[in-house]
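# Breakdown of the fold
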Amino acid sequence: MTSRAETLVALARARGVLVASAESCTGGMVSAAITDIPGSSKMFDRGFVTYSNAAKQALLGVRDETLDAHGAVSEPVAAEMAVGALARSEADLAVAITGIAGPGGSEHKPEGRVCFALARSGADVVTETVEFGALGRDRVRAASRDHALDLLMAALGG
């Protein structure tokens with residue numbers, strides 16, 4: 001059975017698209033899944049692991065105003081992360097992930113809420129929030145990784 005990452009690598013290579021990732025709650029799981037696949041060096045440019053707000057700002061250019069107004073777990077921050085990854089790489093397509101894997105959360109931002117963004121050269125940024133629920137940290141992170149891979153494949157027409 002072909003994995004999501006294998007399918008993504010094949011699609012991106014066939015289309016000549018370079019990919020980048022900007023990850024917070026997944027801590028590099030998307031990058032790892034992609035780079036586990038032989039031949040990924042032809043389609044994966046780089047990954048940014050920006051767990052802290054300071055890292056999001058320094059490495060991706062996320063603005064203070066956006067963090068203050070919306071918090072790190074928000075579609076506006078995910079959008080700025082994706083745009084920053086695209087701008088700071090050679091990639092044509094970037095995915096960003098920021099969320100609350102757990103344990104914990106709050107009334108306004110519950111455990112399992114994860115925000116995603118896709119940025120592509122010459123196109124509007126697409127964002128979405130997925131409520132995975134309180135599945136436990138490992139399962140939220142794995143579901144977030146898989147969802148990000150699915151978003152990248154869909155963006156490539158797969």
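These lines cover the structure that appears in this document, whether it is placed above or below. (Residues numbered from 1 in each chain as written. Predicted model: local features only at pLDDT ≥ 70, side-chain atom pairs only at ≥ 80, totals over all residues. Heavy atoms only, no water.)

## So, helix 3 (residues 53–60)
- Three or more residues of helix 3 are buried, namely Ala55, Lys56 and Leu60. In a view along the axis of helix 3, the buried residues occupy a sector of 105°, so they form one face of it. When the buried face of helix 3 is taken as reference, the exposed residues oriented beyond 90 degrees from it are Ala54 and Ala58.
- The secondary structure elements touched by the buried residues of helix 3 are strand 1 (19–23), strand 2 (44–49), helix 5 (75–87) and strand 3 (93–99).
- Once helix 3 ends, the next one or two residues include Gly61, with phi positive near 80°. (Buried < 20%, exposed > 50% of the residue type's maximum accessible area, 1.4 Å probe, protein only. Helix = DSSP H or I, 4+ residues; strand = E, 2+ residues; numbered from the N terminus. Arc of directions from axis to C-beta. Contact = heavy atoms within 4.5 Å.)

## Examining the packing of helix 1 (residues 4–15) against helix 6 (residues 137–155)
- As a packed pair, helix 1 and helix 6 sit with axes 10 Å apart at the nearest point and diverge in direction by 25°. Taken together, the axes of helix 1 and helix 6 lie roughly parallel to each other. The two elements helix 1 and helix 6 meet at a crossing, and its hand is left-handed. Here helix 1 contributes Arg4, Ala5, Thr7, Leu8 and Leu11 to the contact with helix 6, which in turn contributes Asp146, Leu149, Asp150, Leu152 and Met153. (Axes fitted to C-alpha atoms, helices over the stretch in contact; angles between N-to-C directions. Parallel < 35°, antiparallel > 145°, perpendicular 65-115°, else oblique. Left-handed = near helix turned anticlockwise from the far one by under 90°.)

## Brief notes about the nonpolar core
- Core analysis: the biggest nonpolar cluster contains 30 residues, and Leu8, Val19, Ile34, Met43, Phe116 and Leu152 have the highest contact counts within it.
- Listed by contribution, the elements that provide at least two residues to this core are helix 1, helix 2 (29–35), strand 3, strand 4 (113–120) and helix 6.
- If one sorts the elements of this core by residue count, helix 6 sits on top with six residues.
- The contacts of Phe116, once residues within four sequence positions are left out, are Ala78, Ala96, Ile97, Val126, Thr127, Glu128, Val130, Phe132, Ser144, His147, Ala148 and Leu151. (Core = buried A, V, L, I, M, F, W, Y, C linked by side-chain atoms within 4.5 Å.)

## Side note on the side chain of Lys56
- Mapping Lys56 onto the fold places it in helix 3.
- No salt bridge is formed by the buried Lys56; its nearest oppositely charged neighbour, Glu80, is found at 11 Å. (Lys, Arg positive; Asp, Glu negative; His and termini not counted. Salt bridge = Lys/Arg side-chain N within 4 Å of Asp/Glu carboxyl O.)

## Considerations on unusual backbone geometry
- The linkage connecting Gly102 with the following residue, Pro103, adopts the cis geometry, with an omega of 0°.
- Relative to the assigned elements, Pro103 resides in the loop between strand 3 and strand 4.

## What to know about the environment of Leu8
- Its location among the elements puts Leu8 in helix 1.
- Owing to a relative accessible area of 0%, Leu8 belongs among the buried residues under this scheme.
- Taking the C-alpha atoms as reference points, Leu8 and Ile34, 26 residues apart in sequence, are found 7.9 Å from one another.
- Those residues in contact with Leu8 that sit more than four places away from it in its chain are Ile34, Met43, Leu149, Leu152, Met153 and Leu156.

## Comments concerning the sheet that holds strand 1
- The strand order across the open sheet formed by five strands is 2-1-3-4-5, and the pairing between neighbours is mixed. One side of each edge strand has no neighbouring strand; the edge strands of this open sheet are strand 2 and strand 5 (126–131). Each strand of the sheet is rotated relative to its neighbour by a mean of 15°, with strand direction disregarded.
- In terms of strand pairing, strand 1 meets strand 2 through five bridges, oriented parallel. Each bridged residue has a counterpart across the sheet, and for Glu23 the counterpart in strand 2 is Val49. (Pairing = 2+ DSSP bridges.)

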